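Architecture and fold: a report
Single-letter residue listing:
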Amino acid sequence: MTSAPRVRRLGRGAVAPYLLSLPSWLYLTVFFVVPLVAMLSMSLATGNPLVGYVFSWHFAEFARAVDQYWVQLVRSFWYGTLSTFLTLVLTYPVAYWIAFHGGRHKGTFLFLILLPFFVSFVIRTLAWQFLLSDQGLILGTLKSWGLLPETTYLLSTSTAVIGGLVYNSVAYYVLPLYVALEKVDRRVVRAAGDLYASPAQAFWRVVLPLSAPGIFAGFLLVFVTNVGDFVNAAVLGGPGTRMVGNIIQYNFFDAQNYPMAATLSSILMFLLIVAIYLYARVFGTESIQEYAT
Amino acid sequence: MSAVDTISAQGGFLRRIGLARAVLAAYSMAFLIYTLVPIAVMIAFSFNQSPHSRVSLKWLGFTTRWYRNAFVIQDLTVAMWHSLEVAFVAMIVSVVLATPLALALARYRFKAKGVTDIVIFADIAAPAVVVGASLLSLFLTLNLPRGLLTIFIAHIAFDIAFAVVVIRARVSVLDRALDRAAADLGATPWVAFWTVTFPLILPGIVGAGLLAFALSIDDLIITSFVAGQTLTFPLWVYGAVKTGIPPQVFVLSTLIFAGGVLIALLNSGMAHRREG
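Residues numbered from 1 in each chain as written. Chains lettered and ligands numbered in written order. Predicted model: local features only at pLDDT ≥ 70, side-chain atom pairs only at ≥ 80, totals over all residues.

1. Topic: the overall build of chain B
The secondary structure content of chain B amounts to eleven helices and zero strands. Scanning chain B from its N terminus toward the C terminus, one meets helices and strands in the order α-α-α-α-α-α-α-α-α-α-α. Radius of gyration (C-alpha) of chain B: 25 Å, far over the 19 Å computed for a compact globule of 276 residues. If one aligns the C-alpha atoms of chain B with their principal axes, the spans along those axes are about 70 × 70 × 35 Å. Here the analysis covers contacts within chain B between residues at least 6 apart in sequence; of these, 80% occur between residues at least 24 apart. (Helix = DSSP H or I, 4+ residues; strand = E, 2+ residues; numbered from the N terminus. Rg over C-alpha atoms; globule rule 2.2 N^0.38 Å. Contact = placed C-beta atoms within 7 Å.)

Structure (structure tokens):
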């Protein structure tokens, strides 16, 4: 850059970005940052549904939350990890194929992958409930052919919930993977071939490491989303598949135990902060957004 | 190794790549079909006969009856209107708030940039349950009654972050020489913005608006925390899961789907026209 525009920018450059940012800052402060603080203070409150809750540095709720709901907490982390990993394994080849062999139809393939986005998340999950139900299209057909015993069921099992989580994460993972793979310099891959790398070696030692930012960005987004989900567990699962999200809902709306609900949400938020911190340390804060949408 | 051996070894190598590529292509096609299955189910069930006005799991025959009676379930129709209303308002407000921030982030280096980046990313990556629970905590603390207003507030809060990222991507590929030229020709920053920058980033703004609309109309988790007794379309459906789904649910969501696809195709068609 030459020095002329830089000098000119100094005059108004100092205030302009702040003026431009101000409206959004105000909004996000009041309705994103302050609520997080409100939630934290709610988690430290004591009282009961009848008289209300007051703030009181009551840290014991965290111990109670872990003690009472450790099963659901561990289950949420397990479902989140497994479903994110499965989504990665299932979508990576597709993202790779679109980026490297999509040719003129890249846009069309991406559009098809995004098509489920045009159907409401609840409806998609509901469609899977229909497909997986005991006498539904999949199990019903297999049973009528005698390929499965009549007692086979999928709904209200962890398989159904994890399957739903995987299906609903597909588009969120394909996009960052595609963006990362699209950026891989094709000449570097060819150079690996020229240096006698087999196609497998070229993939494992060149393409895969270069797509790491997409792998991590997608993992972060999908994992955090899935750990906090309660819709798949409610629609496809049963009593044995309840996740933290279901417990938070229950405590807010049925038990009206706001401090417990806020405590469990705070635990999820700490997870998010750790994940973002790790990502920002490895890849920087600006690259984070490149893969976010 | 003779020349013939080398050639046949090479042939094997090429065939291996060819085979791998065919397997990859077949897998990708199968995967695309898998992602489309629930859409097919939704459309099929919207045309399925069902005796008790509840969706039946079996195929009982084709009918357009539910389309002719798409809006007879009054509270479902009201919920649908709420969803459209919320998505529209959230789209407009979030884009208006996000555009200046996107310009600031893409064009200036300033002290608060790192923090802003992190807040935007946290807003996108935050689990919906946390966003919903924290807003509800705020509304409970303030004693603000839950309803359409709190739904608007919540939707704008999560739409802004996505809008910023989309618009920012568009701003950062712009040639800065263009608005410098405008300034050299005596345009004030205000005039330069509306006559040069704005038309150029408009596709990004439209894209951000469409994304915000889509995210809003689809949201269930965050809305479930802040809605109170007010129902949106996803909330109505979620509530009906336990009691049975009327076919109209699939009719309305098929209509939303068709509308969304149409708008997306028109938008990409216009983008092609502009660029080609």
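2. Here's the deal with the overall build of chain A
Counting its regular elements, chain A contains 14 helices and two strands. Computed over its C-alpha atoms, the radius of gyration of chain A comes to 24 Å, more than 25% above the 19 Å expected for a compact globule of 293 residues. Here the C-alpha coordinates of chain A stretch approximately 70 × 65 × 35 Å along the principal axes. Evaluated residue by residue, chain A yields a buried proportion of 42% over its 293 residues. (Buried ≥ 20, exposed ≤ 12 C-beta atoms within 10 Å, placed from the backbone.)

3. Observations regarding helix α6 (residues 148-172) of chain B
Count 3.6 residues to each turn of an α-helix, and residues three or four apart come out pointing the same way. Residue and element names in this part refer to chain B. With 25 residues, α6 should cover 36 Å at 1.5 Å per step; its first-to-last C-alpha distance of 36 Å lies within 8% of that length. Helix geometry: α6 is bent most strongly at Asp159, by close to 25 degrees. Of all the 25 residues making up α6, 19 are buried; the element is thus mostly covered by neighbouring parts of the structure. (Expected span 1.5 Å × (residues − 1). Bend = angle between axes of the 7 residues up to and from the residue.)

4. Observations concerning helix α2 (residues 16-43) of chain A
Over its 28 residues, α2 of chain A extends 39 Å from the first C-alpha to the last, a length consistent with the 40 Å expected when each residue adds 1.5 Å. Leu22 of chain A marks the point of greatest bend in α2 of chain A, at about 45 degrees, and the proline Pro23 of chain A comes within the next four residues.

5. Things to note about the interface of chain A and chain B
Listed as interface residues are 74 residues of chain A and, on the opposing side, 70 residues of chain B. When residues in the side of chain A that touches chain B are grouped by element, the largest group, 18 residues, is from α2 of chain A. Residues of the side of chain A that touches chain B, tallied by class, amount to 57 nonpolar, 15 polar and two charged. (Nonpolar A, V, L, I, M, F, W, Y, C, P; charged D, E, K, R; others polar.)

6. Regarding the domain arrangement of chain A
Residue and element names in this part refer to chain A. Assigned domains of chain A: these are domain 1 (15-58) and domain 2 (63-290). Computed from C-alpha coordinates alone, the two centres of domain 1 and domain 2 are separated by 29 Å. Counting from both sides, the interface comprises nine residues of domain 1 and, opposite them, eight residues of domain 2. Mapped onto the side of domain 1 that touches domain 2, the elements with two or more residues apiece are α2 and β1 (45-48). A per-class count over the side of domain 1 that touches domain 2 returns seven nonpolar, two polar and no charged. (Domains from an automatic or database assignment.)

7. Concerning the confidence of the model for chain A
Looking at chain A, pLDDT values average 86 and 91% of them are 70 or higher. Across residues 1-11 of chain A, confidence stays below pLDDT 50; counting only partners more than four residues off in sequence or on other chains, it has two contacts. (pLDDT = per-residue confidence, 0-100.)

8. As for the nonpolar core
Core analysis: the biggest nonpolar cluster contains 154 residues, and Ala98, Ala133, Ala163, Val164, Ile167 and Ala212 of chain B have the highest contact counts within it. If we skip the residues at most four places from it in the chain, Ile167 of chain B touches Ala98, Thr99, Ala102, Ile201, Gly204, Ile205 and Ala208 of chain B. (Core = buried A, V, L, I, M, F, W, Y, C linked by C-beta atoms within 7 Å.)

9. Observations regarding the packing of α2 of chain A against helix α4 (residues 113-125) of chain B
Interaxial distance between α2 of chain A and α4 of chain B falls to 12 Å at its minimum, and their mutual angle equals 50 degrees. Judged by the inter-axis angle, α2 of chain A sits oblique to α4 of chain B. The two elements α2 of chain A and α4 of chain B meet at a crossing, and its hand is left-handed. Contacts from Ser21, Leu28, Phe32 and Val33 of chain A of α2 of chain A reach α4 of chain B at Thr116, Val119 and Asp123 of chain B. Split into classes, the residues belonging to the contact of α2 of chain A with α4 of chain B amount to four nonpolar, two polar and one charged. (Axes fitted to C-alpha atoms, helices over the stretch in contact; angles between N-to-C directions. Parallel < 35°, antiparallel > 145°, perpendicular 65-115°, else oblique. Left-handed = near helix turned anticlockwise from the far one by under 90°.)

10. Points about the environment of Ile123 of chain A
Along the chain, the position of Ile123 of chain A falls in helix α5 (residues 121-132). Judged by C-beta crowding, with 26 C-beta atoms within 10 Å, Ile123 of chain A ranks as buried. Sequence separation between Ile123 of chain A and Ile273 of chain A is 150 residues, and the spatial gap between their C-alpha atoms is 31 Å. Once residues within four sequence positions are removed from consideration, Ile123 of chain A is found in contact with Met42, Val237 and Ser253 of chain B.

11. Here's the deal with the domain arrangement of chain B
Taken domain by domain, chain B holds domain 1 (3-65) and domain 2 (74-245). Centre-to-centre, using C-alpha coordinates, domain 1 of chain B lies 34 Å away from domain 2 of chain B.

12. Points about the packing of helix α7 (residues 158-183) of chain A against helix α10 (residues 212-227) of chain A
Residue and element names in this part refer to chain A. Contact geometry for α7 and α10: axes closest at 8 Å, N-to-C directions at 160 degrees. Judged on the interaxial angle alone, α10 and α7 are roughly antiparallel. Of the two elements, α7 crosses α10, and the hand of that crossing is right-handed. Touching Leu165, Ser169, Tyr172, Tyr173, Pro176, Leu177, Val179, Ala180 and Leu181 of α7 are Pro213, Gly214, Ile215, Ala217, Gly218, Leu221, Val222, Thr225 and Asn226, all from α10.

13. Quick notes on the environment of Thr87 of chain A
All names here are of chain A. The residue Thr87 is located in helix α3 (residues 60-101) in this model. Given 25 C-beta atoms within 10 Å, Thr87 falls into the buried group. When the C-alpha positions of Thr87 and Val170 are compared, they lie 6.3 Å apart, and in sequence the two are 83 residues distant. Discounting residues that sit within four places of it in the chain, Thr87 has contacts with Val166, Ser169, Val170, Tyr173 and Val222.

14. Quick word on the confidence of the model for chain B
On average, residues of chain B score 88 in pLDDT, and 93% of them are at 70 or above. The ipTM value of the predicted complex is 0.85, and its pTM value is 0.86.

15. Looking at unusual backbone geometry
All names here are of chain A. If you check the backbone angles, Tyr196 has positive phi at about 70 degrees while not being a glycine. Within the element layout of this structure, Tyr196 appears in the loop between α8 (186-194) and α9 (199-210). Accessibility expressed as a C-beta count within 10 Å gives 8 for Tyr196, which makes it exposed.

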